[in-house]
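The chain contents come next:
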Amino acid sequence: MAFVLAPYEQRQYFDGDGNPLAAGFVYTYLTGTVTPATTYSDAAGTPNANPVELDSDGRCVIYLASSLTYKFILKNAAGVQVGPTMDPISIVPSDTAVTIGSYGGVLGVPAFTVDQQGRLTAA
């Protein structure tokens, strides 16, 4: 199975007041379901725990399987959801860029493209 960086090496999440979501969690599911989906801590395919625990700065590393489409739910340390459900999230690799599936948009319509230098552009 191929693993693709999703979409940054290290993500950072924030609470509703704009503060880092220290000790929060990212729950990952198959898109449109409550079936847990595995994410990875590196490109070699080392599985993350589900949920993925955020550090004291609200950061975590998440790689996705390129063959799956995910749903993310972000919760604070008390288990309360923060922000909207992020569904669908997917990575479609190509030779020159990685397409990130829409966030709160239409299934299958890419929202952004990240080139090999990490530049983000609207698709």
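Residues numbered from 1 in each chain as written. Predicted model: local features only at pLDDT ≥ 70, side-chain atom pairs only at ≥ 80, totals over all residues. Heavy atoms only, no water.

I keep staring at the nonpolar core and nothing clicks. Help me out?
In globular proteins that are soluble, nonpolar side chains generally tend to be buried together. Ranked by internal contacts, the top residues of the largest apolar core, which has 19 residues, are Tyr 13, Val 26, Ile 62, Tyr 70, Phe 72 and Leu 74. Put simply, the parts of the chain that give this core at least two residues each are strand S6 (63-65), strand S7 (69-75) and strand S8 (86-93). Every residue in contact with Val 26, bar those within four places of it in the chain, is listed here: Tyr 13, Asn 50, Pro 51, Val 52, Leu 54, Cys 60, Ile 62, Phe 72, Ile 73 and Leu 74. (Core = buried A, V, L, I, M, F, W, Y, C linked by side-chain atoms within 4.5 Å. Buried < 20%, exposed > 50% of the residue type's maximum accessible area, 1.4 Å probe, protein only. Helix = DSSP H or I, 4+ residues; strand = E, 2+ residues; numbered from the N terminus. Contact = heavy atoms within 4.5 Å.)

When you look at the environment of Leu 54 in this model, what are you seeing that I'm missing?
Locating Leu 54 in the fold gives a position in the loop between strand S4 (52-53) and strand S5 (59-60). Overall, the relative accessible area of 3% leaves Leu 54 in the buried class. Non-local contacts of Leu 54, meaning those with residues more than four positions away in its chain, are made with Tyr 13, Leu 21, Ala 23, Gly 24, Phe 25, Val 26, Arg 59, Cys 60 and Leu 74.

Sorry if this is basic, but what is going on with the side chain of Thr 39 here?
Structurally, Thr 39 can be placed in the loop between strand S3 (25-30) and S4. For Thr 39, the residues in contact, after removing those within four places along its chain, are Thr 28, Thr 46, Pro 47, Asn 48, Val 52, Ile 62, Tyr 63, Leu 64 and Tyr 70.

Just checking my understanding: could you explain the packing of aromatic side chains for this structure?
Here the distance between the centres and the angle between the planes together describe a pair of aromatic rings. One pass over the full model with this rule turns up two aromatic pairs. Ring geometry for Tyr 70 against Phe 72: centres 6.3 Å apart, planes inclined by 70°, an arrangement best described as edge-to-face. Taken individually, Tyr 70 and Phe 72 each receive the classification buried, so the pair is uniform in this respect. When the ring centre of Tyr 29 is taken as origin, the NZ or CZ atom of Lys 71, which lies over that ring, is 5.4 Å away. (Phe/Tyr/Trp six-rings, centres within 6.5 Å; stacked < 30°, edge-to-face > 60°. Lys NZ or Arg CZ within 6 Å of the ring centre and 35° of its normal.)

Sorry, what's going on with the pairing of S7 here?
When a strand is regular, its side chains alternate between the sheet's two faces. Counting buried residues along S7, five of its seven residues qualify, which places the element largely inside the surrounding structure. As paired elements, S3 and S7 share six bridges and run antiparallel to each other. Across the sheet, the residue bridging to Val 26 is Leu 74, located in S7. (Pairing = 2+ DSSP bridges.)

Help me understand unusual backbone geometry in this model?
Trans is the common state for peptide bonds, and a negative phi is the common state for residues other than glycine. Residue Pro 51 is bonded to the preceding Asn 50 through a cis peptide linkage, with omega at 20°. On the secondary structure map, Pro 51 appears in the loop between S3 and S4. One non-glycine residue with positive phi stands out, namely Ala 23, at about 60°. Looking at the element boundaries, Ala 23 is found in the loop between strand S2 (11-12) and S3.

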